[in-house]
Amino acid sequence: MREIKCDVAIIGAGPAGLAAALSAKEHGAKDVLVIDRDTDSGGILQQCIHAGFGLSYFHKEMTGPEYAAVFREKCDQEGIRFLFDTMVTEVRSAREIICSSTEQGLVKVYTGASILAMGCRERTRQNLRIPGTRPSGIFTAGTAQRLINRQNEMVGKSVVILGSGDIGMIMARRMSLEGAKVKAVVEIMPYLAGLTRNKVQCLDDFGIPLMLSHTVTRIMGHKRIEGVYIAEVDDQKQPIPSTEEYISCDTLLLSVGLIPENELTKGAGISTNAVTNGPEVDQRMQTVMPGLFACGNVVHVNDLADNVSIESELAGKYAAMYAAGTLPEAKAQLNVIAGEGVRYVCPHHVAVTDEEAVIRLYFRVSEPGRKTILKARSGKKEIAAREVRRVSPGEMDHIDIHTQDLTGDDVVICAEGVK
Amino acid sequence: MIHTDIVIIGAGAVGTAIARELSKYKVDVVVVDKRDDVGGDASKSNSSIICTGYDCPPGSLETAICRSSRMLADQTVKELEIPFNVCGAIMPAINEEQMNILKDIYDDAYKNEIFDVDVVSGKQLLDMEPELNPETIGGLYIPREAVIDNFLFVVAQAENAAENGVQFLLRNEVKDIQVENGKVKAVITDKETIQTKYVINAAGLFCDAIAEMVGECDFVVKPRKGQFFILDKNTNCQINHIIYPIPTPTSRGKLLLKTIHGNILCGPTAEDLEDKEDHSVTAEELAGIETDCKKLVPNINFSDAITQFAGLRPNRIPAGFHIGFGKTEGYFGISGVRSTGISCSLGISRYVVKKLQEGGVKLERNFDFNPYRKAIPRFSEATDEERDALIQKDPKYARVICRCETVTEGEIVEALHRPVPPTTLDGIKRRLRAGMGRCQGGFCSPKVIDIIARELNVPPESVDKNVPGSYILTGISRQEGGDHHA
Amino acid sequence: MTRKNIICTVCPMGCNITVKADGSEIISIEGNECKRGEIYARDEFTCPTRTLTSSVLVTNAKEPLLPVRTEKPVPKAKFGECMEIIKATTVHAPIKIHQVIIHDLAGTGVNLIATCSRDV
């Protein structure tokens, strides 16, 4: 088995891995190695050929491949090493990774610190337990996106999309532009799952009906899918049988949520959070295993790649410090708790150190709301508050807290004005 | 026109086992099946158990066959390198009434000469299986009940039969059996005419329609649907034995087990239907599996379900194993193998060959028969040294295509060049598990389609999910020959 | 008088803006929380434009497709025409990111550019 040494090893060359790599380099790691199973960097950005990236990070609108290219170019200038066509099969510890490379065979990487940046996967028809037959023609939206945008393959002509997540809406537009008929986007919740911008530009622009509080109740067809039954759902999200109607289609796309990809994390003996489905991290993006960091959608599913980049820079910075032996030691650890109106907060913990810093806590609310007051408490003390005009579970919010305000009690985040 | 000695209709567990058994003799055998792949219907969608026969009807042919099949399995899985785990089964009871039912089952097991079945205490059962319902007061332990990779079980036998000269004609639907002067003459499919002396009807769910072709159908076969859940390997609540419920007079009930690949399986339901194509899963029946299985293992977590599926058992009316020659010369029928097809197939194959000989078929031993079949080397199960060696030999073994089950391109390419190769996405999935994990092929299926197309030299659009007509892609979206060249 | 409801996409607020007009002449714009919303609504009402993203066939490269976009937003009404040209276009690697693939796409005065490099 070949052996490679580096200061910081990063698993995944998507938006998280690239930003983490650059930041690690910037913060003193000499030898940064990025490992990816694809033949090039960018990860899922390569199939996201639509615009909408970079608005907050670069203050201009870019497509996925362009967003990736900016990071990649900087990586190349900085002399960051890439190992492509290589699958990490095991994270043995924060300092030892095993991977399988077409060019080099089995490789053992010895590193000063590691960063998990594997991204996420899509929820499936089976996760939702949609009843009916099991024909062909049922795709997750991201799989269809890959086939159309990278492999030059069309997946159908007459389409129903379940779930109003961003990828689903973006695929509604893509399928329409490619000449397919998108008959409906069906969403079980009474509100949109993705960004409003996408509803306007992907559905309204093409006259595609959005059916809120509806779901697919049965899949029909023995060989290729022939149609679906859809029905309105009640308050308990149970289909109302009298509202069931049939829509014929040859394709069903699912955009029903993403799940952090944590095979390797679990293999390393790290458990995942029940709400975020990723490893728990502190404000430095360090997992419970010292020296093992995680960032991007492997930790929690972000709404925008821009947020992934910002968060991943933290992971890169602190991993570089860990590798150099300069990471401030945590004197205590506080939990960050999702309070009223909040579904989850990331990071999950605050490591109390001598470092004075502003900590940005990302979170998602549990229900949509307007004129909402976002608050952070440390024990009984309010340590941050701000009012926002609108919140939605489909869009992440954040609140900044200062380390010097922490009381030693757990930090609770609330969104007042949300059910 | 093809000429052969024996045509076997149906490439499920039974047909394939017979094919392999016959390949030990100097006789020409052709297996036809309308499906895209071997594995049939009931044979690929079931609980994957090889039974001992402890609960078969005492004194029946089924019991004798099932018992001998279980013995044959030990040797067959070694010869053919089929994943097999003798995990043992338990049947727990939570009250005296249930204990009384167990007593009858225990008595039947002894009548069936399955003497290793034992009555054990509740404490013993809870020690063996800590997640069991804590109210368990006692139960049965059936130590030789086993789980197998039921699909590879069929594939491995087909591959070995093919290596020993059997011809497989897939995607060939039998339309008629030609009979002349009371004697079988040919089997006619939608693509071929096969002249033959003998026909063995191993068509399972459709064996009544085949029997009808020679006018020998004094029975009907109705589908009995079984729905199942498969849970993620990582689910917290784990079990290690097959856990059987106490059977009712009408059904053996819904069981739990850990499959040969480490997933928890729960099911099946038992729904009597008319439609032999109805493989749908339904919300009500799936909910019933949840309720029933939680009675046995209360903490089982169905939110970790990664898939649900349904199989159709061929329910013969009237019931019972019926194996033997018919009135038409050369016609040999097999029917009534309802839910023990996987369990009984090896025994059936021996029994069928003996019956053929008794019926005057001249079968001379082929001493060149090679009983061994090498499994595809599995990257996920290999040690670091073995992995390194595989990659050195073929770099495609480094390229992981299915990340959930860690299946490499090397394995997929190998599978596509085997005897009786798969041609579909599901064919690859069933052989290698690519697409069987928690993302259900979301990540790997576009890549697997490309590999199949490349290796078989066909356009990607022609790669089906499984049966003909289950196309996945509808064509390429950008074609050369446009008038704009930049 | 006509009314048109527009959801603003400038920021995540997603204001519901109502534009009242007499023919093509805008009489009032209401519902926007900021000035940017007014500009957006005015543009949306008179001539809605979008950046069109797609892909063209590329030969001589490792991947079959080259992702592309319009350099500036183009009128929504021209999407169909633009797509027909895009679908009929083949380019040859190597291609550099932001290289012009088609000048003046469908008479919009806007170029179609590559959003990715493609090596041979």
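Residues numbered from 1 in each chain as written. Chains lettered and ligands numbered in written order. Predicted model: local features only at pLDDT ≥ 70, side-chain atom pairs only at ≥ 80, totals over all residues. Heavy atoms only, no water.

Scanning chain B from N- to C-terminus turns up 12 helices and 26 strands. Relative to the compact-globule value of 23 Å for 486 residues, chain B shows a C-alpha radius of gyration of 23 Å, a close match. Principal-axis analysis of the C-alpha atoms gives chain B an extent of 75 × 70 × 45 Å. Taking all 486 residues of chain B together, 60% fall into the buried category. For chain B, contacts bridging at least 24 residues in sequence account for 72% of all contacts bridging at least 6. Of the roughly 18,900 Å² of accessible surface on chain B, 49% is carried by carbon and sulfur atoms. (Helix = DSSP H or I, 4+ residues; strand = E, 2+ residues; numbered from the N terminus. Rg over C-alpha atoms; globule rule 2.2 N^0.38 Å. Buried < 20%, exposed > 50% of the residue type's maximum accessible area, 1.4 Å probe, protein only. Contact = heavy atoms within 4.5 Å. Areas by Shrake-Rupley, 256 points an atom, 1.4 Å probe, with all protein chains shown as cover.)

Here 4 strands make up an open sheet; going across it, the order is E1-E13-E12-E11 (chain B) and the pairing mixed. Both edges of this open sheet fall to strand E1 (2–3) and strand E11 (174–180) of chain B, since each of them pairs with a single strand only. (Pairing = 2+ DSSP bridges.)

The subject of this paragraph is the sheet that holds strand E9 (residues 146–148) of chain B. Picture the strands of a sheet paired through backbone hydrogen bonds; they go either parallel or antiparallel. All names here are of chain B. Strand order across the open sheet formed by 3 strands is E4-E9-E5, with antiparallel pairing between neighbours. Every other strand in the sheet has two partners, leaving strand E4 (49–50) and strand E5 (84–85) as the edge strands with one partner each. Pairing analysis gives 2 bridges linking E4 to E9, with the strands arranged antiparallel. For Ile50, the partnering residue across the bridge sits in E9 and is Ala146.

Moving on, we come to the packing of aromatic side chains. For any pair of aromatic rings, the description consists of the separation of the ring centres together with the inter-plane angle of the planes. Per the counting criterion, the structure on display carries 18 aromatic pairs over all chains. On the numbers, 6.4 Å between centres and 35 degrees between planes, the contact of Phe206 of chain A with Phe79 of chain C is tilted. A residue pair is termed interchain when its members come from two chains, as with Phe206 of chain A in the loop between helix H6 (196–203) and strand E14 (210–211) and Phe79 of chain C in helix H2 (residues 79–87). Looking at Phe79 of chain C, the relative accessible area reads 7%, which means it is buried. On the basis of an interplanar angle of 55 degrees and a centroid distance of 5.0 Å, the ring pair of Tyr229 of chain A and Tyr246 of chain A is categorised as tilted. (Phe/Tyr/Trp six-rings, centres within 6.5 Å; stacked < 30°, edge-to-face > 60°.)

Applying the stated criterion across every chain, the model contains 71 salt bridges over all chains. The partner of Lys76 of chain C in a salt bridge is Asp205 of chain A, with the nearest N and O atoms 3.0 Å apart. Remark: Asp205 of chain A occurs in the loop between H6 and E14 and Lys76 of chain C occurs in the loop between strand E7 (74–75) and H2; the pair is interchain, linking two chains. Here Asp205 of chain A falls in the buried class, since its relative accessible area comes to 17%. The partner of Asp41 of chain B in a salt bridge is Arg35 of chain B, with the nearest N and O atoms 3.1 Å apart. Pair check on accessibility: Asp41 of chain B and Arg35 of chain B agree, each one buried. (Salt bridge = Lys/Arg side-chain N within 4 Å of Asp/Glu carboxyl O.)

With 55 residues of chain B at the contact, the number on the chain A side is 47 residues. The largest per-residue losses of area from chain B upon contact with chain A belong to Arg403, Arg438 and Thr474 of chain B, which jointly make up 14% of the total buried on that side. Here chain B and chain A share 6 salt bridges between them. With a closest N to O distance of 2.3 Å, Glu263 of chain A and Arg438 of chain B form a salt bridge. (Buried area = accessible area lost by both parts, 1.4 Å probe.)

To continue, consider the domain arrangement of chain C. Assigned domains of chain C: these are domain 1 (2–46) and domain 2 (53–114). A C-alpha centroid distance of 31 Å is found between domain 1 of chain C and domain 2 of chain C. (Domains from an automatic or database assignment.)

This next bit is on the interface of chain A and chain C. Counting residues at the interface gives 30 residues for chain A and 27 residues for chain C. Across the interface of chain A and chain C, roughly 2,400 Å² is buried in total on both sides, 54% from carbon and sulfur atoms. Summed over the three residues of chain A that lose the most area to chain C, namely Glu66, Leu177 and Arg389 of chain A, the buried surface amounts to 23% of that side. For the pair chain A and chain C, the interface holds 5 salt bridges. Across the salt bridge formed by Arg389 of chain A and Glu33 of chain C, the nearest N and O atoms sit 3.1 Å from each other. Where chain A touches chain C, the interface holds 10 residue pairs in polar contact (both at pLDDT 80 or more). Secondary structure elements with two or more residues in the side of chain A that touches chain C: helix H2 (64–77), helix H4 (141–149), helix H5 (166–177), H6 and strand E26 (381–391) of chain A. (Polar contact = N/O pair within 3.5 Å; in protein donor to acceptor, adjacent residues only side chain to side chain.)

With that settled, the discussion passes to the environment of Cys344 of chain B. All names here are of chain B. Relative to the helices and strands, Cys344 resides in helix H8 (residues 341–358). Given the relative accessible area of 0%, Cys344 is considered buried. Each C-alpha atom, one on Cys344 and one on Ile50, is 8.1 Å from the other, the two residues being 294 residues apart in sequence. If sequence neighbours within four positions are ignored, Cys344 has contacts with Glu62, Ile65, Cys66, Ser69 and Phe321.

Residues and elements named next belong to chain B. Across the interface, helix H10 (residues 409–416) lies against helix H11 (residues 425–432) with an axial gap of 10 Å and an inter-helix angle of 110 degrees. Taken together, the axes of H10 and H11 are roughly perpendicular relative to one another. Remark: the crossing between H10 and H11 carries right-handed chirality. Contact with H10, carried on its side by Glu411, Ile412, Ala415 and Leu416, involves Ile428, Arg431 and Leu432 of H11 and no other residues of that element. In the contact of H10 with H11, the residues fall into 5 nonpolar, no polar and 2 charged. (Axes fitted to C-alpha atoms, helices over the stretch in contact; angles between N-to-C directions. Parallel < 35°, antiparallel > 145°, perpendicular 65-115°, else oblique. Left-handed = near helix turned anticlockwise from the far one by under 90°. Nonpolar A, V, L, I, M, F, W, Y, C, P; charged D, E, K, R; others polar.)

Residues and elements named next belong to chain A. Tracing the chain through its elements places Gly156 in the loop between strand E11 (153–154) and strand E12 (158–162). With relative accessibility at 2%, the residue Gly156 sits in the buried group. For the pair Gly156 and Thr251, spaced 95 residues apart in the sequence, the C-alpha separation amounts to 5.6 Å.

Looking now at helix H2 (residues 61–80) of chain B. All names here are of chain B. Helix length check: H2 (20 residues) gives 27 Å between terminal C-alpha atoms against 28 Å at 1.5 Å per residue, within 8%. Largest kink in H2: about 35 degrees, centred on Ala73. Among the residues making up H2, those that are buried are Glu62, Thr63, Ile65, Cys66, Ser69, Arg70, Leu72, Ala73, Thr76, Val77, Glu79 and Leu80. After H2 finishes, the residue Glu81 shows a positive phi value of roughly 50 degrees. (Expected span 1.5 Å × (residues − 1). Bend = angle between axes of the 7 residues up to and from the residue.)

In this chain, Cys346 of chain A is followed by Pro347 of chain A through a cis amide linkage whose omega measures 0 degrees. Positionally, Pro347 of chain A belongs in the loop between strand E22 (342–346) and strand E23 (349–352). Note the cis peptide between Ile317 of chain B and Pro318 of chain B, where omega equals -5 degrees. By the secondary structure assignment, Pro318 of chain B is in the loop between strand E20 (305–317) and strand E21 (322–325). Although it is not a glycine, Arg433 of chain B adopts a positive phi angle of roughly 75 degrees. Relative to the assigned elements, Arg433 of chain B resides in the loop between H11 and helix H12 (445–456).

On to the packing of H2 of chain B against H8 of chain B, then. All names here are of chain B. In contact at an axis separation of 6 Å, H2 and H8 are set at 100 degrees when each is read in the N-to-C sense. Classified by the angle their axes make, H2 and H8 are roughly perpendicular. Contact with H2, carried on its side by Leu61, Glu62, Ile65, Cys66, Ser68, Ser69, Leu72, Ala73 and Thr76, involves Ser343, Cys344, Ser345, Leu346, Gly347, Ile348, Arg350 and Tyr351 of H8 and no other residues of that element. Looking at the contact of H2 with H8, its residues break down into 9 nonpolar, 6 polar and 2 charged.

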